[in-house]
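Spelled out from the first residue to the last, the chains are:
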Amino acid sequence: MKLNQIIKQTQNSNVVKNGVWLYVLQIFNTIIPLITLPYVTRILGPTHFGMFSAALNLVGYFQIIVEYGFNLSGVRKISLAKDKNEISGIYSRITFSKILLFFISISIMIFVSFLAGISKVQFICMFILYIMVLGTALQQTWIFQGLQFMKYITIISVLSRTVSVLMIFLLIKNPEHLYLYCILYSLTFLLMGIISLLIIKFKIKLHLKIVNWKDILEELKDGWDLFTTSAMTKIFSGIGITVLIFTNTSSSVGIYSAIQKIPLIIILFYTPIDQVIFPYISRHYDTSFKNGYEKVKGIAKIVVPIVLILSLTMILASKLIIDILFGEQYSVYSYLLLPLVIWMSLSIFNNLLGIQILVASGHSKEYSSSFKIGVIAIIIFNVVLGIIGGMKGIAIAAMLAECILTIAIIYQIKKIKHSDTPKVKST
């Protein structure tokens, strides 16, 4: 089938179908950690799971470099492309840009690891997990999303992760299997990358073209703003574990990483809801800021009570929840869940305020300003409280930084509400 025919069929199809596939992907990516995490934390134990978590956290920074915001900028370009030749050009420029960033990032990783005195075991874990970054360089999710072919990437993801889960349960039997677990965890990303390339070549019929340095530099320039936002998001979510890596034991890293996953999974469950309501809310701001704002208030009346009830339940049953999920070695530290659950609640609340009000109404700049304040706060709080209080300090730092972000976003919203000058919606 010709690409032009594929695009035409896509345009004539029900957009909801693509949204359903995206939702299935998000839900599946949320459920998988629930299946493997309780098993892995028990088998590896806090120390070895901590080594894995530390390596995964550090590799995540380099993964952001390779992604570089192309998953958003690429989607927009593909959706606006007029013909197969233009799409092939975009595909080639972004692919070669990601490959270049991969080699740059692995060089930086080796240099930083040597400079920071990373242990041999930790470095081997990082090197194995770097297969994830290679998979990220090869993955072309943005093409499937731009062409509204999420069906393919969802099926690829489900199959790859299912194989990975089965292999983990079959092969990971003791703490000495740490390296093997790193391999199984990261191979999913590589497998997804390879299969996506094959589908693009043989199904969508796109081929890589030779590009020059100017083309690559233009792509990097176009994606810069999205890259900086992604980098700030990674810092915001990963700085606590990073501080623990360099100030505490591997066991502390493992314990905190495991317990932190509980509120993170709740946030992941909320993410599809966020994606579904965003276009709906955005359309109401076309009429007026007040109209969109009132719609968000209506949704908040449903979401906020549910989050508060869930949060209270998690706090009251924290020891039982952690004991069931991870075992007695972790449940001793159930007190960490209190500040982390508050952080989770504020994070969802901030999404309603920041994404559904500021970004949806075209005030992305104001949201970015607030987010920068939050990033500065979380870095300062984590470094200071992490050194002073270890895991407890890191958990409190996450909560306090989210409070600062909440205040900053509310301040921006109040400024907009009291402004007499209409704000032009940005693209």
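About the thresholds
Here the residue numbering is sequential within each chain, running from 1 through the sequence in written order. Per-residue local features of the predicted model are confined to residues with pLDDT of at least 70, and side-chain atom pairs are confined, for both listing and counting, to 80 or more; whole-chain, interface and lining totals are unaffected and use all residues. With hydrogens and water set aside, each side-chain value is computed from the structure's full complement of heavy atoms. In this description a helix means any DSSP run of H or I spanning at least four residues, a strand means any run of E spanning at least two, and both kinds are numbered starting from the N terminus. Restricting the calculation to C-alpha atoms gives the radius of gyration, and the globule rule supplies 2.2 Å times the number of residues raised to the power 0.38. The buried label goes to any residue with under 20% of its type's maximum accessible area, the exposed label to any with over 50%, and the partly exposed label to all in between, with areas taken from a 1.4 Å probe on protein chains only. The contact criterion used throughout is that any non-hydrogen atoms of two residues lie within 4.5 Å. The accessible surface values rely on the Shrake-Rupley method and a 1.4 Å probe; as for residues, cover is taken only from the protein chains in view. In this tally, Asp and Glu contribute negative charge and Lys and Arg positive charge; neither His nor the terminal groups of the chain are included. By convention, the charge on Lys lies at NZ, on Arg at CZ, on Asp at CG and on Glu at CD. Cavities and pockets are defined on a 1 Å grid built over the protein atoms alone: a cavity is a set of grid points where a 1.4 Å probe fits but cannot escape, while a pocket is an open set with protein on both sides within 12 Å along at least five of seven lines, and lining residues are those with an atom within 4 Å of any such point. Grid points are joined across faces, edges and corners, and a volume is the space filled by probe spheres set on the points. Three categories are distinguished: nonpolar for Ala, Val, Leu, Ile, Met, Phe, Trp, Tyr, Cys and Pro, charged for Asp, Glu, Lys and Arg, and polar for the others, with Gly belonging to the last. For this analysis, a ring pair means two rings from Phe, Tyr or Trp (six-membered ring only for Trp) whose centres lie within 6.5 Å, classed as stacked if their planes differ by under 30 degrees, edge-to-face if by over 60, and tilted for the remaining angles. In what follows, salt bridge is the name for a side-chain nitrogen of Lys or Arg lying within 4 Å of a carboxyl oxygen of Asp or Glu. Expected span, for any helix, means 1.5 Å times one less than how many residues it has. Here the bend at a residue is taken as the angle between two axes, fitted respectively to the seven residues that end there and the seven that start there. Exposure above 30% relative accessible area and the lack of any salt bridge qualify a residue for a patch; like charges then connect within 9 Å, and the nonpolar side chains Val, Leu, Ile, Met, Phe, Trp and Tyr within 5 Å. Polar contact criterion, stated in full: a pair of N or O atoms within 3.5 Å, where within protein one must be able to donate a hydrogen and the other to accept it, and residues adjacent in sequence count only if both atoms are side-chain atoms. To form a nonpolar core, buried Ala, Val, Leu, Ile, Met, Phe, Trp, Tyr and Cys residues must be joined to one another through side-chain atoms within 4.5 Å. The disulfide criterion is simple: two cysteine sulfur atoms within 2.5 Å. Orientation is described by axes fitted as lines to C-alpha atoms, over the contacting stretch for helices, and by angles from 0 to 180 degrees between their N-to-C directions. When describing relative orientation, an angle under 35 degrees is termed roughly parallel and one over 145 degrees roughly antiparallel, while 65 to 115 degrees is termed roughly perpendicular and anything else oblique.

Visitor: Tell me what's going on with the overall build of the protein chain, and back it up with residues and numbers.
Guide: Broken down by element type, the protein chain carries 16 helices and 0 strands. In terms of overall size, the protein chain behaves like a compact globule, its C-alpha atoms giving a radius of gyration of 22 Å where 427 residues would be expected to give roughly 22 Å. On the principal axes, the C-alpha backbone points of the protein chain span a range of 60 × 50 × 40 Å. Classification of the 427 residues of the protein chain by burial places 49% in the buried group. Contacts in the protein chain between residues far apart in sequence, at least 24 positions, make up 84% of those at least 6 positions apart. On the protein chain, roughly 20700 Å² of surface is accessible, and the fraction owed to carbon and sulfur atoms is 69%. Between the averaged position of the 36 positive side-chain charges in the protein chain and that of its 17 negative side-chain charges there is a distance of 5 Å.

Visitor: Before we move on, can you summarise the side chain of S370 with the specific residues and values?
Guide: Take S370: it is sitting in helix α16 (residues 364-417). What S370 contacts, discounting residues up to four positions off in sequence, is L405, A408, I409 and Q412.

Visitor: Just give me the short version of empty space enclosed by the protein, but keep the residues and values in it.
Guide: Sizing a probe to match a water molecule and rolling it over the atoms shows the empty space that remains. The final tally for this structure, using the stated rule, is 1 cavity of 30 Å³ or more. If you add up the space inside the largest cavity, you get close to 90 Å³. Around the largest cavity sit 14 residues that line it, and F236, S237, Y256, Q260 and A398 are the ones nearest its centre. Looking at the lining of the largest cavity, the element that brings in the most residues is helix α10 (residues 224-247), giving 6 residues. Grouping the amino acids of the lining of the largest cavity by side-chain chemistry returns 9 nonpolar, 5 polar and no charged.

Visitor: Which residues make up the packing of aromatic side chains, and what values go with them?
Guide: Any pair of aromatic rings gets described here by the distance separating the centres and the angle formed by the planes. One pass over the structure, following the stated rule, counts 18 aromatic pairs. Centroid distance F289 to Y293: 6.0 Å. Interplanar angle 20°. Geometry classified as stacked. One end of the pair, F289, and the other, Y293, are both in helix α12 (residues 289-316), 4 residues apart, so they sit about a helical turn from each other. Geometrically, the ring pair formed by F326 and Y330 is tilted, given 5.7 Å between the ring centres and 55° between the ring planes.

Visitor: How would you summarise the pattern of salt bridges if you had to cite specific residues and measurements?
Guide: The full count for this structure, using the stated rule, is 4 salt bridges. We note a salt bridge from D222 to K77, for which the minimum N-O separation is 2.9 Å. In this pair, D222 is assigned in helix α9 (residues 213-222) and K77 in helix α3 (residues 70-80), connecting sequence segments 145 residues apart. The exposure class of D222 is partly exposed, given its relative accessible area of 46%. On the basis of relative accessible area, K77 is assigned to the partly exposed category, the value being 21%. The structure contains a network of salt bridges with shared partners spanning K77, R93, E219 and D222.

Visitor: Can you break down helix α5 (residues 120-138) residue by residue, with the values?
Guide: Quick reminder: α-helices carry 3.6 residues per turn. Residues three or four places apart thus point the same way. Here α5 is 19 residues long and its end C-alpha atoms lie 28 Å apart, about the 27 Å a rise of 1.5 Å per residue gives. Taken as a whole, α5 carries its principal kink of about 25° at I128. Within α5, burial applies to Q122, C125, M126, I128, L129, Y130, M132, V133, G135, T136, A137 and L138.

Visitor: Provide a residue-level description of a positive patch on the surface, including the pertinent values.
Guide: A cluster of basic side chains, namely K84, K151, K203 and K205, defines a positive patch on the protein surface. Looking at the secondary structure, you find K151 in helix α7 (residues 150-171).

Visitor: Describe helix α4 (residues 84-116), with residues and values.
Guide: Helix length check: α4, at 33 residues, gives a terminal C-alpha distance of 47 Å against a target of 48 Å (1.5 Å per residue), a fit within 8%. Where α4 ends, the next residue or the one after it, G117, has phi of about 70°, a positive value.

Visitor: Outline the environment of F102, supporting the account with residue identities and numerical values.
Guide: Relative to the assigned elements, F102 resides in helix α4. According to the relative accessible area criterion, F102 is buried, its value standing at 11%. It is 30 Å that separates the C-alpha atoms of F102 and I355, two residues lying 253 residues apart in sequence. In this view, F102 contacts V66, Y130, V133, L134 and A137; residues no more than four positions away in its chain are not counted.

Visitor: Describe the environment of N212, naming the residues involved and giving the relevant values.
Guide: Within the secondary structure, N212 sits in the loop between α8 (178-202) and α9. Classification of N212 by relative accessible area gives partly exposed; the value is 41%. Within the structure, N212 has its side chain in polar contact with the backbone nitrogen of K214 (distance 3.1 Å).

Visitor: Which residues make up the nonpolar core, and what values go with them?
Guide: The biggest cluster of nonpolar side chains holds 115 residues, and the ones touching the most others in it are I143 and Y256. Residue contributions to this core peak at 15 residues, all from helix α2 (residues 15-67). Excluding residues that lie within four positions of it along the chain, I143 makes contacts with I78, Y91, I200, I204 and L206.

Visitor: Go over the state of the cysteines with me, naming the residues and quoting the values.
Guide: What the rule picks out here adds up to 0 disulfides. Sulfur of C125: no disulfide; nearest cysteine sulfur belongs to C182 and is 3.9 Å away. Judged by relative accessible area, which is 0%, C125 ranks as buried.

Visitor: Help me get a handle on the packing of α12 against helix α15 (residues 337-359), residues and values and all.
Guide: The contact between α12 and α15 brings their axes to 9 Å, and the two run at 170°. With respect to their mutual orientation, α12 and α15 come out roughly antiparallel. Residue-level contacts link F289, Y293, V296, I299, A300, V303, V304, V307, S311, M314 and I315 of α12 to L337, L338, V341, M344, S345, I348, F349, L352, Q356 and I357 of α15. Considered class by class, the residues forming the contact of α12 with α15 number 18 nonpolar, 3 polar and no charged.

Visitor: Please set out the side chain of T36 residue by residue, giving values where relevant.
Guide: Following the sequence through the fold, T36 ends up in helix α2. By relative accessible area, T36 is classed as buried at 9%.

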